[in-house]
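Remarks on the overall topology
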Amino acid sequence: MGMPTGSTEGVAVPRPESRAVRSPSPSPGSSQSRGFDGVVSALRSAGCVFAEEEARLLLAEASTPADRDRNVQRRVAGVPLELILGWAEFAGRRILVEPGVFVPRRRTELLVSEALALLPEWPRQAPAVVVDLCCGSGAVGAAVIHQAPCVELHAADVEPAAVRCARRNVAPMGGQVHEGDLFDALPPELRGRVRVLVVNAPYVPTEAIRTMPPEARLYEPVASLDGGADGLDFHRRVAAGSAGWLAPGGHLLIETSKRQAAGTSAILAAAGFDTRTVRSEEVDGTVVVGSTTAGSPQG
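Before going into details, it helps to say that this report is about the structure given with it. These figures come from a predicted structure and were not determined experimentally. (Residues numbered from 1 in each chain as written. Predicted model: local features only at pLDDT ≥ 70, side-chain atom pairs only at ≥ 80, totals over all residues. Heavy atoms only, no water.)

What follows deals with the packing of aromatic side chains. Per the stated rule, a full pass over the model turns up one aromatic pair. Ring plane angle 20° and centroid distance 6.0 Å describe the contact between Phe183 and Trp245, whose orientation is recorded as stacked. Of this pair, Phe183 sits in the loop between strand 5 (176-179) and strand 6 (194-199) while Trp245 sits in the loop between helix 9 (233-241) and strand 7 (246-256), and the two are 62 residues apart along the sequence. In terms of burial, Phe183 and Trp245 fall into one category: buried. Lying across the ring of Trp87, Arg94 places its NZ or CZ 3.7 Å from the centre. Taking NZ or CZ as reference, Arg105 lies 4.5 Å from the ring centre of Phe102, over its face. (Phe/Tyr/Trp six-rings, centres within 6.5 Å; stacked < 30°, edge-to-face > 60°. Helix = DSSP H or I, 4+ residues; strand = E, 2+ residues; numbered from the N terminus. Buried < 20%, exposed > 50% of the residue type's maximum accessible area, 1.4 Å probe, protein only. Lys NZ or Arg CZ within 6 Å of the ring centre and 35° of its normal.)

This is the structure:
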C-alpha cells in the first residue's frame, strides 16, 4: 500500500514515472516500426508522458496483433500500464501485480535501501526477522529478501487480493505472507523478535483522494490510499501497536511524504522512538526511521 503517483491536494508527490525496461527502437520502414509509430501516436494523444517506452513494452508483451490492439485500447482508456502488463518494475525486479492491488512506486525503493542498511547491524548467528506491514503486492519484502536472502521475512496485508498477489512475489523466495489488520495478522511467535519493521501504509489525506490522477482513483482500492483526515491515521496505529513486537534495538521504518514527515516523526517520538528522517530527491521518497533502545524492547 501507500501513496500513488501524481499530485494531491496538500501533499507533494511526483509525476507518473516510467518503469519500462529499455529496448532498441524498431528499424525505420519495417512493419514493426509502423506498428510502433501508430501505438506511440495513440498513447501520446491519450496524454501518456512516456509514450515511446510504453509502446515498446506493449508491443513486446503482446502475443498477437489482437492482444496488442486490445492492450493499447485499454491503456488509451486509462488503465494503468502495470495492470495491463501484469507486472511493475521495482528495485530492479519485476513484481507481479493484479487488479485491486496497489502498484509499487519508485519512491518506495528508499524504504528498501534504508531497511537493508540496518540489517548488517544484527548478529549473523540467527536470521534477522523483517516484517513488511501493509505489504500490498509484497514488493518491499521481495526486494529485501532478494538482496538479503538470510532474513526471515514476513509480509502482511488486510486485503485478500493483496495477500494473494504478495504470495506470488514473496513465497517463491522463502517469505511468508499473512492476512489480517496490521499486527493482528502476525504470528504470535514474532513478538519481541522483529528487527526491521517496514511500513508503506496509506498516507493520502481523505479529501485529497478526489484530486488524484484517474489511474489511482479509478483503478486502485481506496483502502490502499486513504490515510484519514491528515493522512497519518495508520502511522498512529502502527506506532502504538508496535510495542512488544520489535526486538531490543529494533527499527520501525515508515514511508511518508516530504510535507507529512514532521507529523510522522512526531508520532513515532511520542511512542518512544528515537527518530530520523531520510529524504531522497532522486526518487522523491521520504522515510522516517524510528529506533528502539538497544537494551530493552520498545514499549
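Under the criterion given, the structure shown has zero disulfides. Left without a disulfide partner, Cys135 is nearest to the cysteine sulfur of Cys134, which lies 8.2 Å away. Residue classification places Cys135 among the buried positions, given a relative accessible area of 6%. (Disulfide = S-S within 2.5 Å.)

Turning next to the side chain of Glu255. Relative to the helices and strands, Glu255 resides in strand 7. Look at Glu255: it is buried, it has no salt bridge, and the nearest opposite charge is Arg107 at 4.7 Å. Within the local environment of Glu255, its side chain forms a polar contact with the side chain of Thr108, the two groups lying 2.7 Å apart. Polar side-chain contacts of Glu255 include one of 2.6 Å to the side chain of Tyr203. Non-local contacts of Glu255, meaning those with residues more than four positions away in its chain, are made with Arg107, Thr108, Leu111, Val199, Asn200, Tyr203, His235, Thr286 and Val287. (Lys, Arg positive; Asp, Glu negative; His and termini not counted. Salt bridge = Lys/Arg side-chain N within 4 Å of Asp/Glu carboxyl O. Polar contact = N/O pair within 3.5 Å; in protein donor to acceptor, adjacent residues only side chain to side chain. Contact = heavy atoms within 4.5 Å.)

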